[in-house]
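# Descriptive analysis of the structure
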Amino acid sequence: MGFHDECGVVGIYGAENAAALSYFALTSLQHRGQESAGIAVSDGETIHLHKDMGLVSDVFDKDHFEDLKGSVAVGHVRYATAGGRTIENAQPFLNTFKLGGIALAHNGQLVNYEPLREMLEDSGSTFSSTSDTEVILKLIARSYKKGLEAAVVNTIQLIKGSYALCIMTEDTVIGVRDPNGIRPLCLGKIAGAHNGKDAYILASESCAIDSCNGEFVRDIEPGEIIIINKNGLKSIHLEERTKKQTCIFEYVYFARPDSVIDGIPVQEARYRMGKVLAEESPVEADVVIGVPDSGIGAAQGYARASGIPYVTGIIKNKYIGRTFIAPTQKERENMVFVKLNAIRSDLEGKRVIVIDDSIVRGTTSRRLVQILRRAGAKEVHFRVSSSPVKFPCYLGIDTPSKNELISSTHELEEIRKEIGADSLAFISLEGMIKAFGEDTFCKGCFSGEYPVACARKV
Ligand code: AMP
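What you are looking at is a predicted structure, and each value in this text was computed from that prediction instead of being measured.

### Quick look at the overall build of the protein chain
Helix and strand content of the protein chain: 17 helices and 23 strands. Taken over C-alpha atoms, the radius of gyration comes to 22 Å for the protein chain, in line with the 23 Å a tight globule of 458 residues would show. The dimensions of the protein chain, computed from C-alpha atoms along their principal axes, are 70 × 45 × 40 Å. Buried positions account for 60% of the 458 residues belonging to the protein chain. Surface summary for the protein chain: the accessible area is close to 18000 Å², and the carbon and sulfur share equals 50%. For the protein chain, the distance from the average position of its 52 positive side-chain charges to the average position of its 59 negative side-chain charges is 3 Å.

### As for the domain arrangement of the protein chain
Reports of interface size often rely on the accessible area that becomes lost once the parts have come together. Along its sequence, the protein chain is organised into domain 1 (8-244) and domain 2 (265-439). Between domain 1 and domain 2, the C-alpha centre-to-centre distance is 34 Å.

### Describing the packing of helix α4 (residues 113-122) against helix α5 (residues 132-142)
Two elements in contact, α4 and α5, have axes whose closest approach is 10 Å; the angle formed by their N-to-C orientations is 45°. Viewed along their axes, α4 and α5 adopt a mutual orientation that is oblique. When the axes of α4 and α5 are compared, the crossing they make is left-handed. Listed contacts from α5 to Tyr113, Leu116, Arg117, Met119 and Leu120 of α4 are Asp132, Val135, Lys138, Leu139 and Arg142. The residue makeup of the contact of α4 with α5, split by class, is 6 nonpolar, no polar and 4 charged.

### Quick notes on the site of the ligand
Around the ligand, 16 residues are found, and the nearest of them are Asp356, Asp357, Arg361, Gly362 and Thr364. The contact in question runs from an oxygen atom of the ligand to an N or O atom on the side chain of Asp356, over 2.6 Å. Within the backbone of Arg361, an N or O atom sits 2.7 Å from an oxygen atom of the ligand. When the ligand is considered free in solution it has 500 Å² of accessible area, and contact with the protein chains removes 96% of it.

### As for the environment of Thr312
Structurally, the position occupied by Thr312 is in the loop between α10 (296-306) and β18 (314-316). Note: C-alpha distance between Thr312 and Ile289 (23 residues apart in sequence) is 5.9 Å. In contact with Thr312, not counting residues within four places along its chain, are Ile289, Gly290, Ile343 and Asp346.

### With respect to unusual backbone geometry
With omega at 0°, the peptide bond leading from Gln91 into Pro92 counts as cis. Along the polypeptide, Pro92 turns up in the loop between β4 (72-78) and β5 (93-97). Each neighbour pair has its own omega, and for Pro292 with Asp293 the value is -5°, a cis peptide bond. Turning to its location among the elements, Asp293 is positioned in the loop between β17 (287-290) and α10. You will see that Asn195, though not glycine, has its phi angle at about 45°, which is positive. Note that Asn195 resides in the loop between β9 (186-194) and β10 (197-203). What makes Asn195 exposed here is its relative accessible area of 67%. Of note, the phi angle at Asp262 is positive, near 50°, even though the residue is not glycine. Turning to its location among the elements, Asp262 is positioned in the loop between β15 (260-261) and β16 (264-265).

### Considerations on the pattern of salt bridges
Overall, the coordinates contain 23 salt bridges when judged by the stated rule. Glu284 is the salt-bridge partner of Arg351, the closest N and O atoms lying 3.5 Å from each other. Residue Arg351 is located in strand β20 (residues 351-356), and its partner Glu284 is located in the loop between α9 (266-280) and β17; the two are separated by 67 residues in the primary sequence. For Arg351, a relative accessible area of 21% puts it in the partly exposed group. Under the relative-accessibility criterion, Glu284 is labelled exposed at 63%. When the shortest N-O distance is used, the salt bridge between Glu413 and Arg416 registers 2.8 Å.

### Observations concerning helix α16 (residues 429-436)
Taken together, the buried positions of α16 are Gly431, Met432, Ile433, Ala435 and Phe436. Against α8 (249-254), β16, α9, β23 (441-442) and α17 (444-447) lie the buried residues of α16. Phi turns positive, to about 75°, at Gly437, one or two residues after α16.

### Brief notes about the nonpolar core
Judged by nonpolar contacts, the single largest core of 46 residues is most densely connected at Phe249, Tyr251, Met273, Val288, Ile355, Leu395 and Phe436. Among the secondary structure elements, those contributing two or more residues to this core are α8, α9, α10, β20, α16, β23 and α17. Looking at this core element by element, the count peaks at 6 residues for α9. Here Leu395 is in contact with Gln109, Val111, Gly161, Ser162, Ile182, Arg183, Cys442, Tyr450, Pro451 and Val452, once residues within four sequence places are set aside.

Reading the values: the criteria
- Residues numbered from 1 in each chain as written.
- Predicted model: local features only at pLDDT ≥ 70, side-chain atom pairs only at ≥ 80, totals over all residues.
- Heavy atoms only, no water.
- Helix = DSSP H or I, 4+ residues; strand = E, 2+ residues; numbered from the N terminus.
- Rg over C-alpha atoms; globule rule 2.2 N^0.38 Å.
- Buried < 20%, exposed > 50% of the residue type's maximum accessible area, 1.4 Å probe, protein only.
- Areas by Shrake-Rupley, 256 points an atom, 1.4 Å probe, with all protein chains shown as cover.
- Lys, Arg positive; Asp, Glu negative; His and termini not counted.
- Charge placed at Lys NZ, Arg CZ, Asp CG, Glu CD.
- Domains from an automatic or database assignment.
- Axes fitted to C-alpha atoms, helices over the stretch in contact; angles between N-to-C directions.
- Parallel < 35°, antiparallel > 145°, perpendicular 65-115°, else oblique.
- Left-handed = near helix turned anticlockwise from the far one by under 90°.
- Contact = heavy atoms within 4.5 Å.
- Nonpolar A, V, L, I, M, F, W, Y, C, P; charged D, E, K, R; others polar.
- Near = heavy atom within 4 Å.
- Polar contact = N/O pair within 3.5 Å; in protein donor to acceptor, adjacent residues only side chain to side chain.
- Salt bridge = Lys/Arg side-chain N within 4 Å of Asp/Glu carboxyl O.
- Core = buried A, V, L, I, M, F, W, Y, C linked by side-chain atoms within 4.5 Å.

In structure tokens form, the structure reads like this:
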């Protein structure tokens, strides 16, 4: 298992075509998970669900929308973190109870999944998956008779870890963000979506709101529960509010550059990290290039700050998934040749600064240096716009052990040799914070300090 991507969630309330809007939103969240996709829709009486393995555009065809009529919906794209890559673990999860149906879409990972599941199994609950999300659903169901709001509040007090949730019943959508706001979740409005009335949308990233031609309203706050139904919007804050510590890797790698998370535009954050990187680790060169997609913002920031011209230099094949899909190390390494190629006319005879957003195993960077040299680069100076990833994440990005992380097992000079670059530098953690101008992030993958205590060995 490798460094895994996470998930994307959406919730729609009060739109004539909630399934179609969810489909658009999920398509724009596709970068957050390519393994499975699903949409649950309520027609007012019953919740209907369609989910399958694959990309959003593969999972849904026209006929599915015939069965997915209604104005309330939740949707999900997934890349496995906890639980295996099987259809049983595809989301949303839907269960029907005495009081009705509940569907749930979750981005994040619970750290107390095992004891909670054991407790539920001891009291008679059965499970159809190995996903931590199903535990959340069963917990809500267990106290549903107290009312939906109380059931969600009770559940939130029991679960620990990272979670951005979109929950629905036949007539309500609920959004929840964990007390540290580790995973992002925002709220938007879609004008005149149902008989002239506005609809609401909850989504992992603001780019999903844009794709529905909606208007961004605000981010859901850490520890906030937002309930949307015929009475409008209601917000509840958990009493025990902890510090905001959004995953910094969202800005480094995951999120789309056109999204704004907690008031910080993702692309702007990348420019600024590139600028600080240029200040910290300058080098004489002829051109700056960025590794698409997530390295480009930082490369442009580096180029601006250093005055060295930015050129395209590398092109990415649009039609293949992320490198990590290849199951073995050998296949992963060769996937880089399929995924990335150099533009010889940009690079031949030049001293090249190449910026990538991160080095995890070192696979991409090693191959990349080869590709650049093959295209005639005279010197290759590797710069990385995040600090060395030394620790696994158990809050939504799964790395089983430290020994797969090259920065955990090698010193800087060893890594430089290993990837074959003429020079190598990472931005410092202080530099990253300087780029943001604030320190409100989970930086666990760089520092080993996590906002939520870890039950698992790292
Ligand atoms: P590696 O090849 O293992 O060193 O991985 C680093 C490369 O993978 C960089 O180009 C990153 O943009 C990208 N990357 C970083 N994190 C992830 C992730 N969670 N899933 C897929 N790719 C990633």
